[in-house]
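Residue-level structure breakdown
If you want the building blocks of each chain, they are given just below.
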Amino acid sequence: MPVDTKAATDRLMRFLAIEGVTGQEAAIGRELTAALKEAGVPAKAIRLDDANTRIPVPTETGNLIVDLPGRGALHNQPRIMFMTHMDTVPLCAGAKPKKSGRKIVNEAKTALGGDNRCGCGVLVTLAAELEKQKLDHPPITLLFCVREESGLYGARHVKLDELGAPVMAFNYDGGSASNVIIGAVGADRWTVEIMGRASHAGVAPERGISSTMIMALALADVKAGGWFGKVVKGKGASAKMGTSNVGPVTGGEGRPAGDATNVVTDYVHVRGESRSHDGKFFKEITKAYKAAFEKAAKKVTNAQGKSGKVKFKAETDYYPFRMKDSQPVIKRAVEAVSAVGGTPNVRTANGGLDANWMVRHGVPTVTFGAGQNEAHTIDEWINLDEYDRACALAVQLATMR
């Protein structure tokens, strides 16, 4: 079925021009609502949920949810859902989108925001085409999530009864429209507070306990044990694989770690993550970090024999999943990609997706790309041929018999 690609691109350019970094999605939510109304969606079918009241970090607004009643011969078929996220990474603030041939590029030295304004464009275009062409389709829920980029919080805290019990879902995020992503890693996000003892580094360093040295010893131990970066334990088919990373190192609340070079550092705050497709193995990686910090704290003592202390906390950001190839949602996805001229690339992802939580909520969910490239970098750009294919794919998925 043909899609008005010019209107779809115009919508995308419109959405790219609206700033909406993670946690600050109110403005893009208003713009999406306006665009949906212009496409013929009645105001009563559009609402915001209260997920932001349950998200543990400040969030301007809830998830945007749209109910499209079924039409024609498919009106009484089981409900399906299309979803995306409406936030961008902070690096996108100040983006200036510009069309350049069959690409959208950025005139500013920021990320562009195609991740995930492309998904927003696809979902609004789907609603517009269903209405404009009066196409038969089952009942459809459109879900625009908040705070995907900072912890998948919108999908995590959505209430299932707000979604109308969809039997399957199609999520639009990064990459090619021919990607059929049926699984993704799980991840822990961990923090460690390292408590030492301050002293004058030139007059009485022996009285201090250096939190910096505790951190250094711990990370050296982690690296020597093979737990940093790409992690592989075992060999052959039974090998366990994952990744880990150490992120910000601060004095807490964004302050520098340490007050001065002439003071032994008494406090360091470290944040990191552990990932794996194996639901148990990313916990093993986290456990290795915890053990290394605790061991290092005992090693660093002062002249009085006192040692440092650590407080290690870990929380599961999202759980891994891998759906079976026989699931109806995967069969529908593969058939639809082929129908719009693509070659289905069935695979898993090494990053977290809103689909991680949707699958855990009990809604089988496949993820597609929508033309986003080099996301989260200042080199980000959008492939409009892939974006057009993603829009056509959404219409195909919605109207299949």
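The name given to the chain in an unreviewed UniProt entry is Tripeptide aminopeptidase, with the source organism recorded as Bradyrhizobium stylosanthis.

1. Here's the deal with the UniProt feature "binding site: Zn(2+) 2" (unreviewed entry) in the chain
Feature annotation in UniProt assigns "binding site: Zn(2+) 2" (unreviewed entry) to the following positions: Asp115 and Glu149. Across 35 residues of sequence, these annotated residues stay compact in space, with a maximum C-alpha separation of 9.4 Å. Considering only the residues just annotated, the largest pocket is lined by Asp115 and Glu149. According to the relative accessible area criterion, Asp115 is buried, its value standing at 7%.

2. Here we look at the sheet that holds strand S5 (residues 103-106)
Taken together, four strands build an open sheet; the order of strands is S4-S5-S18-S17 and the sheet is antiparallel. Taken across any chain shown, the strands that pair with only one partner, and hence form the sheet edges, are strand S4 (97-100) and strand S17 (372-373). Relative to strand S18 (residues 381-383), S5 runs antiparallel, the two being bridged by two bridges. Paired with Lys103 across the bridge in S18 is Asn383.

3. Re helix H9 (residues 384-399)
Between its terminal C-alpha atoms H9 stretches 23 Å, which fits the 22 Å expected from 16 residues at 1.5 Å a residue. Summarising burial for H9: 13 of the 16 residues are buried, a large majority. The N-cap residue of H9 is Asn383: its side-chain oxygen and the backbone nitrogen of Asp385 are 2.9 Å apart.

4. With respect to the domain arrangement of the chain
For the chain, the assigned domains are domain 1 (5-185 + 320-399) and domain 2 (193-317). Taking only C-alpha atoms, the centre of domain 1 and the centre of domain 2 are 38 Å apart. Between domain 1 and domain 2, the contact holds eleven residues from the first and nine residues from the second. Interface of domain 1 and domain 2: buried area, both sides summed, is about 670 Å²; carbon and sulfur atoms make up 47% of it.

5. Observations regarding the environment of Lys99
With respect to the secondary-structure elements, Lys99 resides in strand S4. On the basis of relative accessible area, Lys99 is assigned to the partly exposed category, the value being 45%. Sequence separation between Lys99 and His376 is 277 residues; the distance between their C-alpha atoms is 19 Å. If we ignore the near neighbours within four places in the chain, the residues touching Lys99 are Thr9, Met13, Ile104 and Leu384.

6. Some points on the pairing of S4
Where S4 and S5 come together, four bridges link them in antiparallel fashion. The residue of S5 that forms the bridge with Lys99 is Ile104.

7. Focus on helix H1 (residues 5-16)
The terminal C-alpha atoms of H1, which comprises twelve residues, lie 16 Å apart, in line with the 16 Å expected from a rise of 1.5 Å per residue. Within the sequence span of H1, burial applies to Ala8, Thr9, Arg11, Leu12, Phe15 and Leu16. Projected down its long axis, H1 carries its buried residues within an arc of 155°, all on one side. Contacts from the buried residues of H1 go to helix H2 (26-38), S4, S5, helix H3 (114-132), S18 and H9. With a side-chain oxygen lying 3.4 Å from the backbone nitrogen of Lys6, the N-terminal cap of H1 falls on Asp4.

8. Description of the packing of aromatic side chains
Under the criterion given, the structure shown has nine aromatic pairs. Centre to centre, the rings of Tyr319 and Trp357 are 5.8 Å apart; their planes meet at 85°, and the pair counts as edge-to-face. Taken as a pair, Tyr319 in the loop between strand S13 (309-318) and strand S14 (321-322) and Trp357 in helix H8 (residues 354-360) lie far apart in primary sequence, 38 residues in all. Residue Trp357 is classed as buried on the basis of its relative accessible area, which comes to 8%. An aromatic cluster is defined as three or more aromatic residues linked by ring pairs; in this entry it consists of Phe82, Phe170, Tyr172 and Phe368.

About the cut-offs
- Residues numbered from 1 in each chain as written.
- Predicted model: local features only at pLDDT ≥ 70, side-chain atom pairs only at ≥ 80, totals over all residues.
- Heavy atoms only, no water.
- UniProt positions renumbered as here; feature names shortened; annotations may be inferred.
- 1 Å grid on protein atoms, 1.4 Å probe; cavity = no way out; pocket = protein on both sides within 12 Å on 5 of 7 lines; lining within 4 Å.
- Buried < 20%, exposed > 50% of the residue type's maximum accessible area, 1.4 Å probe, protein only.
- Pairing = 2+ DSSP bridges.
- Helix = DSSP H or I, 4+ residues; strand = E, 2+ residues; numbered from the N terminus.
- Expected span 1.5 Å × (residues − 1).
- Polar contact = N/O pair within 3.5 Å; in protein donor to acceptor, adjacent residues only side chain to side chain.
- Domains from an automatic or database assignment.
- Contact = heavy atoms within 4.5 Å.
- Buried area = accessible area lost by both parts, 1.4 Å probe.
- Arc of directions from axis to C-beta.
- Phe/Tyr/Trp six-rings, centres within 6.5 Å; stacked < 30°, edge-to-face > 60°.

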